[in-house]
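An overview of the molecular structure
Letter by letter, the chains look like this.
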Amino acid sequence: QLQLVESGGGLVQPGGSLRLSCAASGFTFDYYAIGWFRQAPGKEREGVSCISSSYRSTDYADSVKGRYTISRDNAKNTVYLQMNSLKPEDTAVYYCAASPRSLGSLRASQYTYWGQGTQVTVSS
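My aim in this report is to walk through the structure given alongside it, one point at a time.

**Description of the overall build of the protein chain**
Helices and strands together make up the secondary structure of the protein chain, namely zero helices and 11 strands. Written out in order from the N terminus, the α and β elements of the protein chain read β-β-β-β-β-β-β-β-β-β-β. Computed over C-alpha atoms, the radius of gyration of the protein chain comes to 13 Å, within 12% of the 14 Å expected from 2.2 N^0.38 for 124 residues, which places it in the range of a compact globule. With respect to the three principal axes, the spread of C-alpha positions in the protein chain is 40 × 25 × 25 Å. For the protein chain, buried positions account for 44% of its 124 residues. Expressed as a percentage of contacts within the protein chain between residues at least 6 apart in sequence, the contacts between residues at least 24 apart total 59%.

Here is the structure:
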């Protein structure tokens, strides 16, 4: 059974850090690009970051460049999103998604499989 499970969310103060994990099972993880998306209340889902199946290519939304870092460990079937210098506007449910294409994208339409999401709240 194909599954993506996010973890690592929580409540953090502005300026703090969190690391999200996306653990995959049930498919050949190495062949899939992985993306991170987020959705805040009343807003559309937004592409945050993505990484190609081969590790070589990454992309970030302008709003998180220089603060977020995506990485993957194919041996562990896991993708990580390190989030630093968090701001209140980063508050959202964060989702990971898998695309059968080798190159990632920040467009949600490319992704076939989705996790259930993990809540990130940035507040003092």
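**Regarding the sheet that holds strand 7 (residues 68-73)**
The antiparallel open sheet is built from four strands, whose spatial order is 1-3-8-7. The strands lining the two open edges of the sheet, one partner per strand, are strand 1 (3-7) and strand 7. Here the strands of the sheet are splayed against their neighbours by 15 degrees on average, with no regard to which way each runs. In this structure, strand 7 lies alongside strand 8 (residues 78-83), joined through six bridges in antiparallel fashion. When the sheet's bridge partners are listed, I70 is paired in strand 8 with L81.

**Notes on the state of the cysteines**
Inspection of the entire model under this criterion finds one disulfide. Between C22 and C96 runs a disulfide, and the two sulfur atoms are separated by 2.1 Å. Classification of the bridge connecting C22 and C96 rests on its S-S torsion, roughly 70 degrees, and on that basis the disulfide is right-handed. Highlighted residues: C22 in strand 3 (residues 18-25) and C96 in strand 9 (residues 92-99), separated in sequence by 74 residues. On the basis of relative accessible area, C22 is assigned to the buried category, the value being 0%. What makes C96 buried here is its relative accessible area of 0%. The thiol sulfur of C50 is not disulfide-bonded, and the nearest other cysteine sulfur, from C96, lies at 13 Å. For C50, a relative accessible area of 3% translates into the label buried.

The rules behind these values
Counting from 1, residues in each chain are numbered in the order their sequence is written. Note on the predicted model: pLDDT of at least 70 is required for a residue's local features to be given, and 80 or more for side-chain atom pairs to be given and counted; whole-chain, interface and lining totals, by contrast, use all residues. Each side-chain value is derived from all of the structure's non-hydrogen atoms; neither hydrogens nor water enter the calculation. For the purposes of this entry, the term helix denotes a DSSP run of H or I that reaches at least four residues, the term strand denotes a run of E that reaches at least two, and both are numbered from the N terminus. We compute the radius of gyration over the C-alpha atoms and compare it with the globule rule, which gives 2.2 Å times the number of residues raised to the power 0.38. Classification of residues uses two cut-offs on accessible area relative to the type maximum, computed with a 1.4 Å probe and protein chains only: under 20% is buried, over 50% is exposed, and between them is partly exposed. Every residue pair with non-hydrogen atoms within 4.5 Å of one another is taken to be in contact. Pairing between two strands requires that DSSP report at least two bridges joining them. Axis angles are defined between N-to-C directions and span 0 to 180 degrees, where every axis is a line fitted to C-alpha atoms and, for a helix, only to the segment in contact. Cysteine sulfur atoms that come within 2.5 Å of each other are treated as a disulfide pair.

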